[in-house]
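Descriptive structure summary
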Amino acid sequence: MTRFQGTIHFTFHWKAAGNTVVLFAVIFLINYLKSLHQIHAAQPIELLHGEQEGEWEPKTKLLTAWIGLICLGLGYYMALTCQKPMEALGKFFGAVLLVMAGTYCLFSAGSIALLKLLKSNKRYYYQTRHFTSISGMLYRMKQNAMGLANICILSTGVLLVISTTSCLWFGMQEIIQTRFPHQIAVEVNDTLMSANGDGTALTKEEISSVREQINNYLEEQQVSKRFERDETYWLAVAENKENWVGLTQELKGFEDGCSMIEFMEASEYERMTGKSTDLKPGQVLVFTRKEEPYKYDTIQFGDTISCEVKHTENTQEDMVETTNVMYDTRIIVFADEEEAQAAYVAMTGRTPAGYSWKYQIDLIGDTKLETRIGQEIEKLVNQAQCDGYVEVRENNKASLYQMYGSIMFLGIFVGTLFLMGAEMIIYYKQISEGFDDRKRFQIMQKVGMSRQEVRQTIRSQVVTVFFLPLVVAILHIVVAFPVTRQLMTMMNFPDSGIFLVATAVTIVAFVIVYLIVYTITARAYYKIVE
């Protein structure tokens, strides 16, 4: 799966094993002390006659139910309104915790409310198979609620882990193409440090010198280029609010509402695209990485400079590549260098440290040529002693397969553990309930209930207990799709259609396994009761 060339050696660390032993020893000690307390507090006569005592109908906990609804609603809202990959990274775990809390509260309080609602429906409740099952589940739901919630959470974990990791593995070609859209990419002074003013003070002449060396080498090797992209600009990170860009605080990363701003001169734009801008003083072109074009007629930099936006017929693709982008980027073209620098100072409060340079090419030739040319270009960039790096697609394939192959293995491993946990919990819970229900159904048969009616009652009860966690788990996965999709974008997976298919296939496969366990459990439950 990882395509790792060589042997992966197993290592054992006593410290890790010791920490694990201590952790589980503490957990078992807590359970042991809790059991001792329960036995000490109970009266022997109560334990002997516990089965003969009547059970009280549990009360509906409205406060717990409302807390569950609020937590679930907030978690769903966070998942459904997530629109950016960086935003998803911050919201995902918060949404997970809220949904888990809401699930536990609703299963403990909401399930009782649901059963009471079904009981109040006379036409539904006063049927042989429903009457006995709803009555039995209602009185035992207080102790069953946590088990059902655990099954639901584990089922959600299975669906989420398997669908995402399998999608990443089977979509490796799309991931490679997204992460490395071109065979060779050179980026100089194009990092967050440069955007915050800590980059290398590179001039246009220094960048031109490196570019000339690369072109001379390609000519010497008689290498033909299928694609070439070459752009020079000033880089900054800033907040954006509609048609305003600037700074209201010190930015240390790509926070919500922030963009990477590329300041480019008209001469550079014309050299890149071969198209004229015809920009007048005070006019700019604005390109964004979003699907929709910039819709405002003006753009303001800080509090002092405002420019008219000239809307051009030139396509977004002339300037912006939408692949391998986790954050919003705006490319702004100015009439000349003076206007670009004045807007940069107005937006950031400082002069640009130096130019950034991005150079991407695709060659006509095989992968060996790509690797060889990429290595030589990397040497030229390093010799120039500028803050830059070179990425060669063919050289990075192995690392991607190792990373995503490892993720796939862990996904299968963890997903299998979750699946085993969920199925064993529900199987043994139903078996223990079968022994509890045995005397009840024997009494019902003695007063006239036929074996067919007993089987129908058991089927109704088992189906309700079995499939309620499954339905809720599928609902969780459907609602989590937008935020999970954004997280997949951060991992360079571009196609939501493939992810949707992978999620659907995982759900279908999980339902089939669930049905098999249901069949085995229902048969074992019926044998015990019979």
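Report follows, based on the coordinates. This is a predicted model, so every value here is computed, not measured.

**Observations concerning the overall build of the protein chain**
- Broken down by element type, the protein chain carries 15 helices and 10 strands.
- Burial status across the protein chain gives 43% buried among its 530 residues.
- Sequence-distant contacts in the protein chain: of pairs separated by 6 or more residues, those separated by 24 or more amount to 82%.

**Remarks on the packing of aromatic side chains**
- Scanning all chains against the criterion turns up 17 aromatic pairs.
- The interplanar angle of 20° and the centroid separation of 6.2 Å between the aromatic rings of Phe-409 and Phe-413 together place this pair among those described as stacked. In this pair, Phe-409 and Phe-413 both sit in helix 13 (residues 393-446), four residues apart, roughly one turn of the helix.
- Phe-413 gets classed as partly exposed once you look at its relative accessible area, which sits at 47%.
- One aromatic cluster in this structure is built from Trp-234, Phe-263, Phe-301, Phe-334, Tyr-344 and Tyr-355.
- Above the face of the Tyr-401 ring, Arg-3 is positioned so that its terminal group lies 3.8 Å from the ring centre.

**Here we look at the packing of helix 13 against helix 15 (residues 496-529)**
- At a minimum axis distance of 9 Å, the contact between helix 13 and helix 15 shows a crossing angle of 25°. Considered as vectors, helix 13 and helix 15 are oriented roughly parallel to each other. The handedness of the crossing between helix 13 and helix 15 comes out as right-handed. Counting all contacts with helix 13, which are made through Leu-419, Glu-423, Ile-426, Tyr-427, Gln-430, Ile-431, Glu-433, Gly-434, Phe-435, Asp-437, Arg-438 and Phe-441, the residues of helix 15 involved are Phe-510, Val-513, Tyr-514, Val-517, Ile-520, Thr-521, Ala-524, Tyr-525, Ile-528 and Val-529.
- When the residues that make up the contact of helix 13 with helix 15 are grouped by side-chain class, the tally is 15 nonpolar, three polar and four charged.

**A closer look at helix 3 (residues 62-80)**
- In this model, helix 3 (19 residues) spans 26 Å end to end at C-alpha, consistent with the 27 Å of a helix rising 1.5 Å per residue.
- Within helix 3, burial applies to Ala-65, Gly-68, Cys-71, Leu-72, Gly-75, Tyr-76 and Ala-79. All buried residues of helix 3 project into a common sector of 130° when viewed along the axis, lining one side. Pointing more than 90 degrees away from the buried face of helix 3 are the exposed residues Leu-62, Leu-63, Trp-66 and Tyr-77.

**What to know about the packing of helix 12 (residues 367-383) against helix 13**
- Relative to each other, helix 12 and helix 13 sit at 100°, their axes nearing to 8 Å. On the basis of the axis angle, helix 12 is roughly perpendicular to helix 13. Residues Thr-367, Glu-370 and Thr-371 of helix 12 lie in contact with helix 13, whose contacting residues are Arg-393, Glu-394 and Asn-395.

**Brief notes about the nonpolar core**
- Of all hydrophobic cores here, the largest spans 42 residues; its most connected members are Phe-263, Ile-299, Phe-301, Ile-373 and Ile-377.
- Dropping the residues within four chain positions of it, Ile-377 is found in contact with Ile-184, Val-186, Ile-214, Ile-361 and Val-390.
- Formed by 20 residues, the second largest nonpolar core is a distinct cluster that contains Val-158, Phe-467, Ile-477 and Phe-510.

**Focus: the pairing of strand 6 (residues 298-301)**
- Because side chains alternate across strand 6, one face comprises the buried residues Ile-299 and Phe-301, and the other comprises Thr-298 and Gln-300, none of which is buried.
- Summarising the sheet, strand 3 (residues 244-246) and strand 6 pair through two bridges and their orientation is parallel. Its bridge partner lying in strand 6, Val-245 is registered against Phe-301.
- Bridge count between strand 6 and strand 7 (residues 305-309): four bridges; the pairing is antiparallel. By the bridge assignment, Gln-300 is partnered in strand 7 with Ser-306.
- The hairpin turn running from strand 6 into strand 7, its antiparallel successor, is three residues long, and Gly-302 in that turn takes a positive phi close to 65°.

**Here's the deal with the pairing of strand 7**
- With two bridges connecting them, strand 5 (residues 283-288) and strand 7 associate as parallel partners. Paired with Val-284 across the two strands is Val-309, which belongs to strand 7.

**Regarding the state of the cysteines**
- Applying the stated rule across the entire model yields zero disulfides.
- The closest cysteine sulfur to the non-disulfide-bonded Cys-71 is located on Cys-105, 5.8 Å from its own sulfur.
- Accessibility expressed as a relative area gives 15% for Cys-71, which makes it buried.
- A residue is classified by how much of its surface remains accessible, and Cys-105, at 18% relative accessible area, is buried.

**Overview of unusual backbone geometry**
- A positive phi angle, near 55°, is found at Asp-278, a position not held by glycine.
- On the secondary structure map, Asp-278 appears in the loop between helix 10 (266-273) and strand 5.
- Of note, the phi angle at Asn-492 is positive, near 70°, even though the residue is not glycine.
- Mapped onto the fold, Asn-492 is located in the loop between helix 14 (451-490) and helix 15.

**So, the side chain of Ser-108**
- If you trace the backbone, Ser-108 turns up in helix 4 (residues 85-120).
- In terms of polar contacts, Ser-108 uses its side chain to reach the backbone carbonyl oxygen of Tyr-104, at 3.0 Å.
- Reaching out from Ser-108, the side chain makes a polar contact with the backbone oxygen of Cys-105 at a distance of 2.9 Å.
- In contact with Ser-108, not counting residues within four places along its chain, are Thr-64, Ala-145 and Met-146.

Parameters at a glance
- Residues numbered from 1 in each chain as written.
- Predicted model: local features only at pLDDT ≥ 70, side-chain atom pairs only at ≥ 80, totals over all residues.
- Heavy atoms only, no water.
- Helix = DSSP H or I, 4+ residues; strand = E, 2+ residues; numbered from the N terminus.
- Buried < 20%, exposed > 50% of the residue type's maximum accessible area, 1.4 Å probe, protein only.
- Contact = heavy atoms within 4.5 Å.
- Phe/Tyr/Trp six-rings, centres within 6.5 Å; stacked < 30°, edge-to-face > 60°.
- Lys NZ or Arg CZ within 6 Å of the ring centre and 35° of its normal.
- Axes fitted to C-alpha atoms, helices over the stretch in contact; angles between N-to-C directions.
- Parallel < 35°, antiparallel > 145°, perpendicular 65-115°, else oblique.
- Left-handed = near helix turned anticlockwise from the far one by under 90°.
- Nonpolar A, V, L, I, M, F, W, Y, C, P; charged D, E, K, R; others polar.
- Expected span 1.5 Å × (residues − 1).
- Arc of directions from axis to C-beta.
- Core = buried A, V, L, I, M, F, W, Y, C linked by side-chain atoms within 4.5 Å.
- Pairing = 2+ DSSP bridges.
- Disulfide = S-S within 2.5 Å.
- Polar contact = N/O pair within 3.5 Å; in protein donor to acceptor, adjacent residues only side chain to side chain.

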